[in-house]
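# Tertiary structure, described
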Amino acid sequence: MKAVRFVNPDGETRIGALGEDGTITDAGAAVPQGFVPTTLAWDAVAQADGPTYGGDDVKLLHPVVPNKLIGIGLNYRSHAEESQLDIPSVPVIFAKFASSLVGPGAEIVIPREETRPDYEGEVAVVIGQGVYRADEAEARAAVGGIAAINDVSGRRAQLETPLRQFTLGKSFDTFSPLGPCIASADGVDLADIDLRTTVSGEVMQDANTRDLIFSVVELIVYISAGVTLEPGDVIATGTPSGVGDSRSPKRYLREGDTVDIYVDGVGTLSNPVRNER
């Protein structure tokens, strides 16, 4: 199953079931937090019986509005290698402001001051049930769904200080495209998900979560030891090799680009890029 948050032709924000043919069937009014992938919410999507719309008839939004949007740094072996950094012994955790979220089709806007805007295609996991100090079984059960996320990164802001302030450069407005839907995690092998990023048609990242240093379950166990993960919280699980800052020559985002992030079982998250006016 796949769930979306959308604006219908009457201007109402709704939750919908995304069909394999791209149609959207209304599953009810959206709450402020969007689609939170609890068991009850998935039941509502499975029973959706409202009007059905074509994809061009509605506007898709980022599906969830999380209390916590958590990023993971350096979590693919290939990315650690291209960055010439040691494999971390514990997960690298940082926060992204939820105000940076946008949905599929929305523009990524590069701030005037940011000279090194980069893409990072990632698999996002969305928490479906709250956990604190989860064991491995509880951590896996807490995963309510998966999505694609672009952890857009302003490398100038991220790297201009000695301590590398991740949060600012990764939290500019529009720097967290998320979607195009939340797909159910039932039966999904979280350790075997294909991920591919293209920029203006050129494949930049092509990986699988088999290359993760810390698995989704390990991340949830680690984070929840001290931080309660709540339904709707999002964890961006890290990006593989191929980022623009590690290429030779470097390949930063520029006006006119389109970034497409494909996550197996979810679909493709697509966003155009422009400079701030």
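Basis of the calculations
Residues numbered from 1 in each chain as written. Predicted model: local features only at pLDDT ≥ 70, side-chain atom pairs only at ≥ 80, totals over all residues. Heavy atoms only, no water. Buried < 20%, exposed > 50% of the residue type's maximum accessible area, 1.4 Å probe, protein only. Helix = DSSP H or I, 4+ residues; strand = E, 2+ residues; numbered from the N terminus. Pairing = 2+ DSSP bridges. Core = buried A, V, L, I, M, F, W, Y, C linked by side-chain atoms within 4.5 Å. Contact = heavy atoms within 4.5 Å. Arc of directions from axis to C-beta. Patch = residues over 30% accessible without salt bridge, like charges linked within 9 Å, V, L, I, M, F, W, Y side chains within 5 Å. Areas by Shrake-Rupley, 256 points an atom, 1.4 Å probe, with all protein chains shown as cover. Salt bridge = Lys/Arg side-chain N within 4 Å of Asp/Glu carboxyl O. Lys, Arg positive; Asp, Glu negative; His and termini not counted. Charge placed at Lys NZ, Arg CZ, Asp CG, Glu CD.

### Observations concerning the pairing of strand S6 (residues 69-73)
Walk down a regular strand and you will see the side chains alternate between the two sheet faces. The element S6 is largely enclosed, with a buried count of five among its five residues. Here S6 shows no split at all, with Leu69, Gly71 and Gly73 on one side and Ile70 and Ile72 on the other all buried. One ladder, built from five bridges, connects S6 with strand S7 (residues 92-96); its direction is antiparallel. Residue Gly71 lies in a different strand from S7, and its bridge partner there is Phe94. As judged from the three bridges shared by S6 and strand S17 (residues 234-236), these two strands associate in the parallel manner.

### A few points about the nonpolar core
If you look at the biggest cluster of nonpolar residues, it comprises 52 residues, and the most contacted ones within it are Ile220, Leu229, Ile235, Leu253, Val259 and Val263. It is helix H6 (residues 216-223) that provides the largest number of residues to this core, a total of five residues. In this structure Ile235 touches Ile70, Ile72, Val123, Ala124, Val125, Ile220, Ile223 and Leu229, once residues within four positions along its chain are discounted. With 19 residues, the next largest nonpolar core counts Ala3, Ala41, Trp42 and Val64 among its residues.

### What about H6?
Taken together, the buried positions of H6 are occupied by Val216, Val217, Leu219, Ile220 and Ile223. Considered in projection along H6, the buried side chains sweep an arc of 160° and stay on one side of the axis. On the buried face of H6, the contacting elements are S6, S7, strand S11 (121-127), helix H3 (136-141), strand S12 (143-150) and S17.

### Things to note about a negative patch on the surface
Where like charges cluster on the molecular surface, the negative patch consists of Asp135, Glu136, Glu138 and Glu218. Assignment of secondary structure puts Glu138 in helix H3. On the basis of relative accessible area, Glu138 is assigned to the partly exposed category, the value being 38%.

### Concerning the pattern of salt bridges
Side chains that differ in sign of charge can pair as their charged atoms come close. Scanning the model with the defined rule gives 16 salt bridges in all. Between Arg155 and Glu120 there is a salt bridge, and its shortest N-O distance comes to 2.7 Å. In this pair, Arg155 is assigned in helix H4 (residues 155-159) and Glu120 in the loop between strand S10 (117-118) and S11, connecting sequence segments 35 residues apart. The pair formed by Arg155 and Glu120 is uniform in burial state, with each residue classed as buried. Close ionic contact of Glu255 with Arg277 constitutes a salt bridge, the shortest N to O distance being 2.5 Å. Taken together, the residues span a long stretch of sequence, with Glu255 in the loop between S17 and strand S18 (258-263) and Arg277 in the segment after strand S19 (267-275) at a distance of 22 residues. Using a relative accessible area of 41% as the deciding quantity, one classes Glu255 as partly exposed. For Arg277, a relative accessible area of 66% corresponds to the exposed category. If you follow the salt bridges from partner to partner, you end up with Lys96, Asp118, Glu120, Asp151, Arg155 and Lys170 in one network.

This is a description of form; function is not addressed.
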